[in-house]
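# Commentary on secondary and tertiary structure
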Amino acid sequence: MTGEADIPVAIEKVSYTYQDAFIKREILKDIDLSIGSGEIVILTGPSGSGKTTLITLIGALRKAQSGSVKIFGQELLKAPQRKLVSVRKDIGYIFQQHNLLDYLTIRQNIMMSLQLCGGRISRATAREKINAVLTQVGLEEHVDKRPTELSGGQKQRVGIARALVNEPRLILADEPTASLDKESGRRVVNLIQDLARKQQSTVIMVTHDNRILDVADRILHLEDGEIQSISEAVASSTSRMLRLLERHDPSSSHYLSALSLGLTRVAMADNRMDESERAMIGSALNQASNLSQAEIDLVMELAHTQLCVQGGHGNGKDNGFTPEQSRHFINSLRAVAGADGSIGPEEIDEINAIANELGFSLGSSETTAP
Ligand code: ADP
Ligand code: MG
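Residues numbered from 1 in each chain as written. Chains lettered and ligands numbered in written order. Predicted model: local features only at pLDDT ≥ 70, side-chain atom pairs only at ≥ 80, totals over all residues. Heavy atoms only, no water.

## Some details on the packing of aromatic side chains
Summed over all chains, the structure comprises two aromatic pairs. With a centroid separation of 5.0 Å and an interplanar angle of 75°, the aromatic rings of tyrosine 16 and tyrosine 18 are classed as edge-to-face. With relative accessibility at 8%, the residue tyrosine 16 sits in the buried group. For tyrosine 18, a relative accessible area of 33% puts it in the partly exposed group. Between tyrosine 93 and phenylalanine 95, the ring centres sit 6.0 Å apart and the planes meet at 25°, which makes this aromatic pair stacked. The exposure class assigned to tyrosine 93 is buried, which follows from its relative accessible area of 18%. Its relative accessible area of 24% is what places phenylalanine 95 among the partly exposed residues. The ring of phenylalanine 72 has arginine 169 lying over it, and the distance from NZ or CZ to the ring centre is 3.7 Å. (Phe/Tyr/Trp six-rings, centres within 6.5 Å; stacked < 30°, edge-to-face > 60°. Buried < 20%, exposed > 50% of the residue type's maximum accessible area, 1.4 Å probe, protein only. Lys NZ or Arg CZ within 6 Å of the ring centre and 35° of its normal.)

Structure follows, in structure tokens:
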């Protein structure tokens, strides 16, 4: 039987407003959110959309002003401080700034977390737990070093070890890969995923990095104070992307679209694209623009989709459309051509050209003027 106490996160109608002496800003509006045991949820959204605010509400680090926030069945909204403190013991926090204390060794840093959360445990047990968790993150040899002797990726892994040493049932990670290069970022995320699966923990991870979305069981997008479905999120991010391209300067936007499509066509000429081809396309697009990696990924994605619709090489005869779709397509073209009262010869030419590009088998008699 699953009771309320087994549901990691149950949020209803939560709003949050920051207010100072001058202005009042509503950051979260009527949020409803329920996250089940063992789920890995990724939270995305533009900077300033309230992701950190939401994570800190869930983490009992801040109290919402209205609605209901239940963590493992415990209502936090009007909870006294000691209840918040006790809820925090079930939660592992991984932040972008790893917040390690430089004057303590790695062992001592993790020890602090054990003592804060775990209550009284023997020295031997503590030692064992610390060694085990450091082995999991691949840092067992560094146990007696200080944070200043480690790389950024290693420090972030210590941060993870510290969050996981108490085997929390809920892990909150706020942009855990933001300060890492691509490879260490991937390793950190895989690590969080593996450990979460092993400990059956629930994970909520904030990220801007769309290369790690694949670890998620569910992706939530926060925008304008509301949580959007993934299709709404994709639509808004694509149109943002297109606006961004336009703004760059229209000629480079056309050039980028054409270039990405051309490169994708060549790469896909043998009907497959491997990693080296993908990397080469990325680097050519990168030279032609000052878009971020995530934006370039999206341009490539769009080109790929466009290419699939065009049936491979732009003149492919197998467009994958059903006969009914083909009829609908051609009839729609004709309807648009005739919408202004007559179908001109240039419109007929265009219809024929499109039909040809998309591989519709049209008798030429079908598209001549009536
Ligand atoms: P995100 O993590 O999505 O970038 P945040 O939750 O950190 O967004 O912040 C959401 C908005 O609330 C931002 O516009 C930010 O400036 C504002 N904000 C965050 N913390 C405070 C605060 N302590 N006081 C006033 N405004 C704040
Ligand atoms: Mg943030």
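## Topic: the nonpolar core
Soluble globular proteins tend to bury their nonpolar side chains together. If you look at the biggest cluster of nonpolar residues, it comprises 35 residues, and the most contacted ones within it are Ile110, Leu134, Ile160 and Met205. Residue assignment for this core shows that the elements contributing at least two residues are strand 3 (40–44), helix 3 (106–118), helix 4 (123–136), helix 5 (152–164), strand 7 (170–174), helix 6 (182–199) and strand 8 (202–206). No other element matches helix 6, which puts six residues into this core. Here isoleucine 160 is in contact with Ile94, Val137, Val188, Leu191, Ile192 and Leu195, once residues within four sequence places are set aside. One finds Leu28, Ala60, Val69 and Ile204 within the second-largest nonpolar core, a separate group that totals 33 residues. (Core = buried A, V, L, I, M, F, W, Y, C linked by side-chain atoms within 4.5 Å. Helix = DSSP H or I, 4+ residues; strand = E, 2+ residues; numbered from the N terminus. Contact = heavy atoms within 4.5 Å.)

## Let's talk about the site of ligand 1
Residues in contact with ligand 1, as listed here, are Tyr18, Arg25, Ile27, Pro46, Ser47, Gly48, Ser49, Gly50, Lys51, Thr52 and Thr53. At 2.7 Å, a backbone N or O of glycine 48 approaches an oxygen atom of ligand 1. Here an oxygen atom of ligand 1 sits 2.5 Å away from a polar atom, N or O, in the side chain of threonine 53. Residue assignment for the shell around ligand 1 shows that the elements contributing at least two residues are strand 2 (24–35) and helix 1 (51–58). (Near = heavy atom within 4 Å. Polar contact = N/O pair within 3.5 Å; in protein donor to acceptor, adjacent residues only side chain to side chain.)

## A word on the domain arrangement of the protein chain
Domain boundaries assigned for the protein chain yield domain 1 (4–228) and domain 2 (230–365). Each of domain 1 and domain 2 has a C-alpha centre, and these two points are 41 Å apart. Between domain 1 and domain 2, a total of about 610 Å² is buried, with carbon and sulfur atoms accounting for 50% of that surface. Seen at the junction of domain 1 and domain 2, the total is zero salt bridges. Across the domain 1-domain 2 interface, the total number found is zero residue pairs in polar contact (both at pLDDT 80 or more). (Domains from an automatic or database assignment. Buried area = accessible area lost by both parts, 1.4 Å probe. Salt bridge = Lys/Arg side-chain N within 4 Å of Asp/Glu carboxyl O.)

## Quick look at the pairing of strand 1 (residues 9–19)
Strand direction decides the pairing type here: strand 1 and strand 2, joined by eight bridges, are antiparallel. For isoleucine 11, the partnering residue across the bridge sits in strand 2 and is leucine 33. Where strand 1 and strand 4 (residues 66–71) come together, five bridges link them in antiparallel fashion. Among the inter-strand pairings, isoleucine 11 is bridged to a residue of strand 4, identified as valine 69. (Pairing = 2+ DSSP bridges.)

## Section: helix 12 (residues 345–357)
For helix 12, which comprises 13 residues, the first-to-last C-alpha distance of 18 Å matches the rise-based estimate of 18 Å (1.5 Å per residue) to within 8%. When helix 12 is considered as a whole, its buried residues turn out to be Ile348, Ile351 and Ala355. Projected down its long axis, helix 12 shows its buried positions confined to an angular sector of 60°, all on one face. Among the exposed residues of helix 12, those pointing more than 90 degrees away from its buried face are Glu346 and Asp349. Check the buried side of helix 12 and you find it contacts helix 11 (323–338). Positive phi shows up at glycine 359, right after helix 12, with a value of about 75°. (Expected span 1.5 Å × (residues − 1). Arc of directions from axis to C-beta.)

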